[in-house]
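Descriptive structure summary
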Amino acid sequence: MTPSLHTERSAADRWIFGATLALLVWLPLPWGSHRPWSADLLVTLSAALLGLRLLAISAGQSPFYSGLARQLAMPLLWWLLWLAWIGSQLWPMDADTLRQLSPEAAQLHFETTSLLGLPTVATISIAPSATVDAWLLSAGYACLYVLIVLSCHRDRGRMGLVLGVLVASGLFQAVYGSLMVLSGLEWGFFEEKRFYRHVATGTFVNRNHLAGYLELAGAAALGLVLADLGGRGAAHSWRQRLLDAIALAFSAKMRARLALVIMAVALVLTRSRMGNIAFFTSLCVCGMGFVLLRWRGYAMRAFLLFSSVIAIDILIVSNWYGLERVVERIERTDLATEGRAIFLDEVPPVIEAYRQVGSGLGTFAYAYAPFRSERMGEYFDHAHNDYIEFMIETGVVGIALLAAFVLAHALHALRMVIFRRRRMAAAVGFSALMGLLAQAIHATAEFNLQIPANAATLLVLLALAASCSSVSERPRPEAPQGTGDGARQMD
């Protein structure tokens, strides 16, 4: 079925899309969905909504465009390979086979527990129940990813709606988290906070995880700003200038820009060192990259746009709300006593023990426990480094699969920025690249990708990019303040 871009959507199609948007808003609310019941709800709702979407497509109530099957082939293959690899970690095997693949897992399964009379078969995963939960969560992510692609393919209006919902959700988290700090109420999700008091956490447990979510919502907000940069022609009368100023004040661009400022304030209030570094670094790198790759003819205007974001957020707004405290935390960091630094000293033997096939997705705490020394005063249920955690849990094969997935989407998004004429498509590519870079930086010191809300939101940005094709067509030169023709090219 190949309907036109303007095909009227059915009520069922609109209802499913509305429920999908509601799910995106819900994800960060119950402690970032980092609870067994909320993670299960994510999986159930994602699978149910995808099933309804497929039923609607089969019944002709939802469009399925030509070329979409080909476009989805590689992502679907990747998801199948990922789920198959994690599933293989649950495959029962005898002692000799397991000793060849993972001597450490064999020791934990057999030698250490031989006196308990356990069965003579075991799995690569050292905690199979945890890996089963992680496999189901991965399946839920896959369903959400495909659901977003099917919902938004060739529909720039829906892409803008998804970005707008992410911005609205990030704005709520920013306002709520900031109010809890400034008012002294210190509530999280329907209960009083026990940890990270006096810093913004929103409805997350950990301030770093709110920072990670704001990085993604901020990327979506800046994408909306870029998508709405077209304007009217030059005004030649005071009346036209006044009308243009009023239109600008109520435009989607200004609303997204205001949301970005508020999220920047909340990001500072989290006092997250790496969160602030990741956000502003990704903003600078991706912003300047966007200028060089797409706006070369208007480099000065684009430079002023991104510079204003950084100047207003850092030099003015953020200083009012304690940016100097974040700087102080960075300066006072003592690597000799920092838990993450001690962990980095202790983790190489863990990586060596499990690098071949992994310990099983979701089993880091069990894998690290035998190697933990008395120096480590903190309990680490996660590695505070996503790269290390995935390496230990999934081995070199898992890391290779993750790298392939990220690299493919990054290159696809980059091509969208360079070659797509439509501004919404280029803006979606920008948001995906900025979100990826921010999470890649933050992942060196935190475990945001182990938090379902953050991992799912990043996948939503990547799915939006995947829902756009990358055409080998250079964009026409466009300025931040476009002419009438430029405005007509907007999405």
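All values reported here derive from a predicted model rather than from experimental measurement.

1. Things to note about the nonpolar core
A general feature of soluble globular proteins is that nonpolar side chains tend to end up buried together. Leu24, Trp79, Trp82, Leu144, Phe306, Phe343 and Phe430 are the most contacted members of the largest nonpolar core, which totals 132 residues. Residues within four places of Phe306 in sequence aside, it is in contact with Leu222, Leu226, Leu283, Gly287, Met288, Phe290, Val291, Trp295 and Phe430.

2. Here's the deal with helix 11 (residues 273–294)
Compared with an ideal rise of 1.5 Å per residue, which puts 22 residues at 32 Å, helix 11 spans 31 Å between its outermost C-alpha atoms and is within 8% of the ideal. Where helix 11 starts, the residue carrying a side-chain oxygen 3.0 Å from the main-chain nitrogen of Gly275 turns out to be Ser272.

3. Brief notes about the pattern of salt bridges
Following the criterion strictly, the structure yields eight salt bridges and no others. In this structure, Asp13 engages Arg53 in a salt bridge whose closest nitrogen and oxygen atoms are separated by 2.4 Å. Taken together, the residues Asp13 in helix 1 (residues 11–26) and Arg53 in helix 2 (residues 36–58) connect sequence positions 40 residues apart. Each member of the pair, Asp13 as well as Arg53, is classed as buried. For Lys193, the salt bridge is made with Glu186, and the minimal N-O distance between the two is 3.0 Å. Given a relative accessible area of 6%, Lys193 falls into the buried group. Look at Glu186 and you get buried, because its relative accessible area is 1%. A single network of salt bridges, built from pairs that share partners, joins Arg9, Asp13, Arg53, Asp155 and Arg158.

4. What to know about the packing of aromatic side chains
Applying the stated rule across the entire model yields 16 aromatic pairs. A ring pair is formed by Trp78 and Phe405, whose centres lie 4.3 Å apart and whose planes are at 35 degrees; its orientation type is tilted. Separated by 327 residues along the polypeptide, Trp78 in helix 3 (residues 68–88) and Phe405 in helix 17 (residues 386–419) bring together distant segments of the chain. Residue Trp78 is classed as buried on the basis of its relative accessible area, which comes to 9%. Ring centres 6.0 Å apart and planes at 55 degrees place the aromatic pair Tyr145 and Phe405 in the tilted group. Placement of Tyr145 in helix 6 (residues 128–152) and of Phe405 in helix 17 is noted, with a sequence separation of 260 residues between them. An aromatic cluster is built from Trp78, Trp79, Trp82, Tyr145 and Phe405, whose rings are joined through pairwise contacts.

Conventions used here
Residue numbers run consecutively from 1 along every chain, following the written order of its sequence. Only residues with pLDDT of at least 70 get local features here, since the model is predicted, and only at 80 or more are side-chain atom pairs given and counted; chain-wide, interface and lining totals rely on the full set of residues. With hydrogens and water stripped out, all remaining heavy atoms of the structure feed into the side-chain values. Here, nonpolar core refers to any group of buried Ala, Val, Leu, Ile, Met, Phe, Trp, Tyr and Cys residues whose side-chain atoms link them within 4.5 Å. Only protein chains enter the accessibility calculation, which uses a 1.4 Å probe. A residue is then buried if its area is under 20% of the maximum for its type, exposed if over 50%, and partly exposed in between. Contacts are residue-level and defined by heavy atoms, with any inter-residue pair within 4.5 Å sufficient. Numbered from the N terminus, helices here are DSSP runs of H or I no shorter than four residues, and strands are runs of E no shorter than two. In this scheme, a helix's expected span is set at 1.5 Å multiplied by one less than its residue total. Polar contacts, as used here, are pairs of N or O atoms within 3.5 Å; protein pairs need one atom able to donate a hydrogen and one able to accept it. Residues neighboring in sequence count only if both atoms are side-chain atoms. A pairing counts as a salt bridge when a side-chain nitrogen of Lys or Arg comes within 4 Å of a carboxyl oxygen of Asp or Glu. For this analysis, a ring pair means two rings from Phe, Tyr or Trp (six-membered ring only for Trp) whose centres lie within 6.5 Å, classed as stacked if their planes differ by under 30 degrees, edge-to-face if by over 60, and tilted for the remaining angles.

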